[in-house]
Amino acid sequence: HRKAYTYTGLAHYFAQRWAESLGYFHAAANGSEVPEDWFNVAMAQVKVGDIEGSHSSWERVFELSYAHHDASETSTFFQKKLLFAQALLNAGACDARGLDLLERQLLPFFTNYHVTDASFWGLRGMPALQEVVGTTLDYYRALGKTREDWRALLDGVAAGVDQEGKAYCEEMKTRWTSPTTAD
């Protein structure tokens, strides 16, 4: 029954019937140890405005992803981090928890390995630097961070990545636009 609930939930989700999808996703996740089931719940909870509930469901995704590395998934745990952060952003629910997914959980892959090539990371199920940095920029704006905060983050990233990544960080410094109160 779990798969039937999941597929029905997905049909409702992609038809933008969020509340209906949430009910089916909850039914699929009930007793499930599959991270994907709880990810679907978290994403639908964001859509219905249950932000705190979505964070609780995300914690379940987090726990299960480490406990069950062999679980079948349609996206990697790294991709889920970006998708969840983007869903929160789109719902107007940016906070430190979403920013943490970007700054502390995704960006360090690029700086620790000193590689920013999208093909390299794509083969490993990791979102591209451009996706992560672009979403981080939107978070910085939404959270009222300053241009100096943005530049400091990019300088930190640039210090640990390849030449292509350094050039991208320099380019992204010019993308800052914000309300006058944030500068």
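A quick note: this is a predicted structure, and the numbers were derived from the prediction, not measured. (Residues numbered from 1 in each chain as written. Predicted model: local features only at pLDDT ≥ 70, side-chain atom pairs only at ≥ 80, totals over all residues. Heavy atoms only, no water.)

A short note on the packing of aromatic side chains
To keep things clear, this is the line we draw: Stacked, edge-to-face and tilted labels apply to pairs of Phe, Tyr and Trp rings (six-membered ring for Trp) whose centres lie within 6.5 Å, assigned for plane angles under 30 degrees, over 60, and everything in between, in that order. With a 1.4 Å probe rolled over the protein chains alone, any residue whose accessible area is under 20% of its type maximum counts as buried; one over 50% counts as exposed, and the rest are partly exposed. Charges are assigned to positions over rings by a cutoff of 6 Å between ring centre and Lys NZ or Arg CZ, combined with an angular limit of 35 degrees from the ring normal.
Applying the stated criterion to the full structure yields 17 aromatic pairs. With centroids separated by 5.4 Å and ring planes inclined at 85 degrees, the aromatic side chains of Tyr-13 and Phe-14 adopt a geometry described as edge-to-face. Residue classification places Tyr-13 among the buried residues on the basis of a relative accessible area of 12%. Within the aromatic cluster, the residues linked to one another by ring pairs are Phe-39, Trp-58, Phe-62, Tyr-66, Phe-77 and Phe-84. Residue placement shows Lys-47 over the ring face of Trp-18; its charged tip is 4.7 Å from the ring centre. Over the ring of Phe-120 we find Arg-124, and its NZ or CZ is 3.6 Å from the ring centre.

Quick word on the side chain of Ser-57
This is how the line gets drawn: Secondary structure is summarised from DSSP: a helix means a run of H or I of at least four residues, a strand means a run of E of at least two, and numbering begins at the N terminus for each. The criterion used for residue contact is that any of the two residues' heavy atoms lie within 4.5 Å.
Position of Ser-57 relative to the elements: it lies in helix α4 (residues 51–67). Among the residues examined, Ser-57 registers a relative accessible area of 6% and is labelled buried. Here Ser-57 is in contact with Trp-38, Val-41, Ala-42 and Gln-45, once residues within four sequence places are set aside.

Brief notes about unusual backbone geometry
A positive phi angle, near 65 degrees, is found at Gln-16, a position not held by glycine. Take Gln-16: it is sitting in the loop between α1 (2–14) and α2 (18–29). Exposure remark for Gln-16: the relative accessible area of 56% places this residue in the exposed category. A positive phi angle, near 60 degrees, is found at His-114, a position not held by glycine. Along the polypeptide, His-114 turns up in the loop between α7 (107–113) and α8 (118–123). In this structure His-114 comes out as partly exposed when scored by relative accessible area, which is 47%.

Description of the pattern of salt bridges
Rules: For salt bridges, the criterion is a side-chain nitrogen of Lys or Arg within 4 Å of an Asp or Glu carboxyl oxygen.
Summed over the entire model, instances satisfying the criterion amount to eleven salt bridges. With its nearest N and O atoms 3.0 Å apart, the salt bridge here joins Glu-33 to Arg-60. One end of the pair, Glu-33, is in the loop between α2 and α3 (35–48); the other, Arg-60, is in helix α4, and 27 residues separate them in sequence. Arg-60 gets classed as partly exposed once you look at its relative accessible area, which sits at 25%. A salt bridge links Arg-141 to Asp-138; the shortest N-O distance between them is 3.5 Å.

Structural notes on the packing of α3 against α4
As a reminder, the rule being used: Inter-axis angles, ranging from 0 to 180 degrees, are taken between N-to-C directions of lines fitted to C-alpha atoms, where helices are fitted over the stretch in contact. Roughly parallel here means an angle under 35 degrees, roughly antiparallel means over 145, roughly perpendicular means 65 to 115, and every remaining angle is called oblique. Handedness of a crossing is defined here by the sense of rotation of the near helix relative to the far one, left-handed for an anticlockwise turn of less than a right angle and right-handed for a clockwise turn. Ten residue types, Ala, Val, Leu, Ile, Met, Phe, Trp, Tyr, Cys and Pro, are classed as nonpolar, four, Asp, Glu, Lys and Arg, as charged, and the remainder, Gly among them, as polar.
Relative orientation of the contacting elements α3 and α4 amounts to 165 degrees, with a least axis distance of 8 Å. Put simply, α3 runs roughly antiparallel to α4. Between α3 and α4 lies a crossing whose hand is left-handed. Taken together, the residues of α4 that come into contact with α3 (itself represented by Pro-35, Trp-38, Phe-39, Val-41, Ala-42, Gln-45 and Val-46) are Ile-51, Gly-53, Ser-54, Ser-57, Trp-58, Arg-60, Val-61, Leu-64 and Ser-65. Residue composition of the contact of α3 with α4, by class: ten nonpolar, five polar and one charged.

Structural notes on the side chain of Asn-40
Topologically, Asn-40 is positioned in helix α3. In this view, Asn-40 contacts Thr-6, Leu-10 and Phe-25; residues no more than four positions away in its chain are not counted.

Comments concerning α2
Selection rule: Multiplying 1.5 Å by the residue count of a helix minus one yields the expected span of that helix. It is the directions from the helix axis to the C-beta atoms whose arc is reported.
When the terminal C-alpha atoms of α2 are compared, their 16 Å separation across twelve residues agrees well with the 16 Å that a helix rising 1.5 Å per residue should span. Every buried residue belonging to α2 is among Ser-21, Leu-22, Phe-25, Ala-28 and Ala-29, and all of these are buried. Seen from one end, α2 has its buried residues packed into an arc of 125 degrees, which puts them on one side. On its buried face, α2 sits against α1 and α3. Gly-31, located one to two residues past α2, shows a positive phi value of around 80 degrees.

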